[in-house]
Amino acid sequence: MLLLRTVKRGFSTRPASLYKVTVLGAGGGIGQPLSMLLKLNTRVTDLRLFDLRGAQGVAADLSHVPTASVVRGYTSEDPEGLKSALTGTEVVVIPAGVPRKPGMSRDDLFVKNAGAVQGLATAIAEHAPNAAVLVISNPVNSTVPIVAEVFKKHGTYNPRKLFGVTTLDVIRASRFLSELRGTNPRDEHVSIVGGHSGITIIPLLSQTGYQMSDEQRKALIHRIQFGGDEVVQAKQGAGSATLSMAIAGARFAGSVMDGLSGEADVVEAAFVDSPLFKDEGVEFFSSLLTLGKDGVEKVHELGPVSAEEEEMLRECKETLRKNIAKGVEFVKQH
Ligand code: NAD
Ligand code: LMR
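Residues numbered from 1 in each chain as written. Chains lettered and ligands numbered in written order. Predicted model: local features only at pLDDT ≥ 70, side-chain atom pairs only at ≥ 80, totals over all residues. Heavy atoms only, no water.

Under an unreviewed UniProt entry, the name given to the protein is Malate dehydrogenase, and the organism recorded is Eremothecium sinecaudum. Listed in UniProt under the heading Sequence similarities (unreviewed entry), the comment for the protein reads: "Belongs to the LDH/MDH superfamily. MDH type 1 family." Recorded in UniProt under Catalytic activity (unreviewed entry), the annotation for the protein is "(S)-malate + NAD(+) = oxaloacetate + NADH + H(+)". (UniProt positions renumbered as here; feature names shortened; annotations may be inferred.)

Structure, rendered in structure tokens:
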């Protein structure tokens, strides 16, 4: 149900609250299909596409799609391009940055993507300080803290409106579990908590109630945690997940807009400034959230976890503390 929600609503004819949405990195592998899916969302009236180059072409192409929104493209070749793409916007989605090649971890992308994300966050703080900001660029566990630090420096930080997008892990888990059970993925819901990289991705399979052998469960956990590697390897150096990520990003952006519009019971997972493990030094954590008019309305508790999941959580928190500190430190140094 959740996977289809955005798509179904995207074609809905009911009156909707309307939003200006900006995609930063719109010319890329994720940016293009994500922009297309946002063009199909009737909540979006004004779609601004920004990239270092090529965004005008994507915008011209999408502007022929017969939905009511206006689409404009901006590049950094125009010194005012980023400012124009951001001024007055209400939702910013960031798929800008370099993707992995085989043999790389997401953390290896930090060197290239940290600076790009910091620069974009600075522009958002200056030109769209009230926007909801959805970070896709990897490593999410560190790029989200980078954005938060930049916003703090500018006095514009609103923890309720900053999200690391982890929806791809959620849709993968539905799909992989459904393959195992022979069910429809729309009927499979797995709570994914932690972060967005390897062992920090924790599927709380014990909560699904589905009985698996130890071997099946361990294989499923591994597949959910390392699903990104499957795609990176299959693409043989040409990048990482783009199409499934576009679906995931469009669904999450759609849910954020549903929440902002005042729709009730909009629940999604994302990596946010979270109270859950702050007392253990983990400032950001992904778990289910209720999304509302001001962004995050409620951070849900994890619920009951098995001994195995408890141990995974311990290791996850250890890694997250380091990933988060790396992002915070980067902004202090630059
Ligand atoms: P891509 O190389 O195909 O596209 C990235 C785009 O970003 C390019 O068009 C590039 O010109 C643009 N860009 C780079 N720096 C920019 C800047 N400073 N301002 C504006 N645009 C800029 O890569 P992709 O496959 O679309 O992946 C993008 C990012 O998303 C990667 O970091 C990847 O690891 C990440 N990703 C995250 C998830 C997730 O679940 N959160 C899933 C898949 C990929
Ligand atoms: C994913 O989960 O597919 C993304 O984070 C991209 C990657 O590098 O695996």
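Undergrad: Hey, could you go over the site of ligand 2 for me, with residue numbers and the actual values?
TA: Neighbouring ligand 2 are Arg100, Arg106, Asn138, Leu168, Arg172, His196, Gly228, Ser240 and Ala241. Asn138 has a polar side-chain atom sitting 2.9 Å from an oxygen atom of ligand 2. Arg172 places a side-chain nitrogen or oxygen 2.7 Å from an oxygen atom of ligand 2. Its free accessible area being 260 Å², ligand 2 has 95% of it covered by the protein chains. Counting atoms within 2 Å of the grid points, the majority share of ligand 2 lands in the largest pocket. (Near = heavy atom within 4 Å. Polar contact = N/O pair within 3.5 Å; in protein donor to acceptor, adjacent residues only side chain to side chain. Areas by Shrake-Rupley, 256 points an atom, 1.4 Å probe, with all protein chains shown as cover. 1 Å grid on protein atoms, 1.4 Å probe; cavity = no way out; pocket = protein on both sides within 12 Å on 5 of 7 lines; lining within 4 Å. Sits in = over half its atoms within 2 Å of the grid points.)

Undergrad: With reference to specific residues and values, describe the UniProt feature "active site" (unreviewed entry) in the protein.
TA: Per the UniProt annotation, the sites labelled "active site" (unreviewed entry) are His196. Counting through the fold element by element, His196 comes out in the loop between β7 (192-194) and β8 (201-203). Those residues in contact with His196 that lie beyond four places of it in its chain are Arg106, Asn138, Val140, Asn141, Thr166, Asp169 and Ile201. Side chain to side chain, His196 and Arg106 meet in a polar contact 3.4 Å long. (Helix = DSSP H or I, 4+ residues; strand = E, 2+ residues; numbered from the N terminus. Contact = heavy atoms within 4.5 Å.)

Undergrad: Can you lay out the packing of aromatic side chains for me, pointing to particular residues and giving the numbers?
TA: This model, assessed by the stated rule, comprises four aromatic pairs. Between Phe110 and Phe330, the ring centres sit 5.5 Å apart and the planes meet at 90°, which makes this aromatic pair edge-to-face. Of this pair, Phe110 sits in helix α5 (residues 110-127) while Phe330 sits in helix α11 (residues 307-333), and the two are 220 residues apart along the sequence. Considered together, Phe110 and Phe330 belong to a single accessibility category, that of buried residues. (Phe/Tyr/Trp six-rings, centres within 6.5 Å; stacked < 30°, edge-to-face > 60°. Buried < 20%, exposed > 50% of the residue type's maximum accessible area, 1.4 Å probe, protein only.)

Undergrad: Account for the confidence of the model for the protein, naming residues and giving values.
TA: For the protein, per-residue confidence averages 95 on the pLDDT scale, and residues scoring 70 or more make up 95% of the total. Helix α1 (residues 2-10) is the least confidently modelled element of the protein, averaging 38 in pLDDT, while strand β6 (residues 162-164) averages 99, the highest of any element. Contacts from residues 1-15, a stretch scored under 50 in pLDDT, to residues over four places away or in other chains number 29 contacts. As scored by the predictor, the complex reaches a pTM of 0.96 and an ipTM of 0.99. (pLDDT = per-residue confidence, 0-100.)

Undergrad: An account of the layout of surface pockets is needed here, citing residue identities and associated values.
TA: Considered as a void within the structure, the largest pocket measures approximately 730 Å³ in volume. Looking at the largest pocket, it is lined by 41 residues, and the ones nearest its centre are Ile30, Pro95, Ala96, Gly97 and Pro99. Secondary structure elements with two or more residues in the lining of the largest pocket: β2 (44-51), α5, α7 (167-181) and α9 (227-234). Of the residues forming the lining of the largest pocket, the biggest block, three residues, is contributed by α5. A breakdown of the residues in the lining of the largest pocket according to their chemical character gives 19 nonpolar, 16 polar and six charged. Each of two domains, domain 1 (19-165) and domain 2 (167-333), supplies a minimum of three residues to the lining of the largest pocket. (Points joined across faces, edges and corners; volume = space filled by probe spheres on them. Nonpolar A, V, L, I, M, F, W, Y, C, P; charged D, E, K, R; others polar. Domains from an automatic or database assignment.)

Undergrad: I'd love a proper account of the site of ligand 1, names of residues and values included.
TA: Close to ligand 1 lie 28 residues; Gly29, Ile30, Asp51, Val98 and Asn138 are nearest. The separation between an oxygen atom of ligand 1 and a polar main-chain atom of Val98 is 2.9 Å. In this structure, a nitrogen atom belonging to ligand 1 sits 3.3 Å away from a main-chain N or O atom of Val165. Protein chains bury 85% of the 860 Å² of accessible surface belonging to ligand 1 in isolation. Spatially, ligand 1 is embedded in the largest pocket. Looking at the shell around ligand 1, the elements that each hand over two or more residues are β2 and α5.

Undergrad: I'd love a proper account of the environment of Phe271, names of residues and values included.
TA: Residue placement: Phe271 occurs in strand β9 (residues 266-273). When the C-alpha atoms of Phe271 and Val165 are compared, they prove to be 6.6 Å apart, with 106 residues separating the residues in sequence.

Undergrad: With reference to specific residues and values, describe the pairing of strand β5 (residues 132-135).
TA: Going residue by residue along β5, you find Ala132 and Leu134 tucked away on one face and Val133 and Val135 tucked away on the opposite face as well. Relative to β5, strand β4 (residues 91-94) is paired through four bridges, and the arrangement is parallel. Bridge pairing in β5 links Val92 to Val133. A crossover links β5 with its parallel partner β6, the connecting element being helix α6 (residues 140-154), and its sense is right-handed. (Pairing = 2+ DSSP bridges. Right-handed = clockwise from strand over helix to strand, strands pointing away.)

Undergrad: Describe the domain arrangement of the protein, naming the residues involved and giving the relevant values.
TA: Assigned domains of the protein: these are domain 1 (19-165) and domain 2 (167-333). Here domain 1 and domain 2 have C-alpha centroids that lie 21 Å from each other. Taken residue by residue, the interface counts 45 residues in domain 1 and 49 residues in domain 2. With both sides pooled, the region where domain 1 packs onto domain 2 buries about 4000 Å², and carbon together with sulfur makes up 66% of that total. The three residues of domain 1 that bury the most area against domain 2 are Arg106, Asn141 and Arg160, which together make up 17% of that side's buried surface. Our count for the domain 1 to domain 2 interface comes out at four salt bridges. Counting every contact that joins domain 1 to domain 2 gives 18 residue pairs in polar contact (both at pLDDT 80 or more). Put simply, the parts of the chain that give the side of domain 1 that touches domain 2 at least two residues each are β1 (19-24), α2 (31-39), β4, α5, β5, α6 and β6. Here the element with the most residues in the side of domain 1 that touches domain 2 is α6; it accounts for 10 residues. For the side of domain 1 that touches domain 2, the class distribution of residues is 28 nonpolar, eight polar and nine charged. (Buried area = accessible area lost by both parts, 1.4 Å probe. Salt bridge = Lys/Arg side-chain N within 4 Å of Asp/Glu carboxyl O.)

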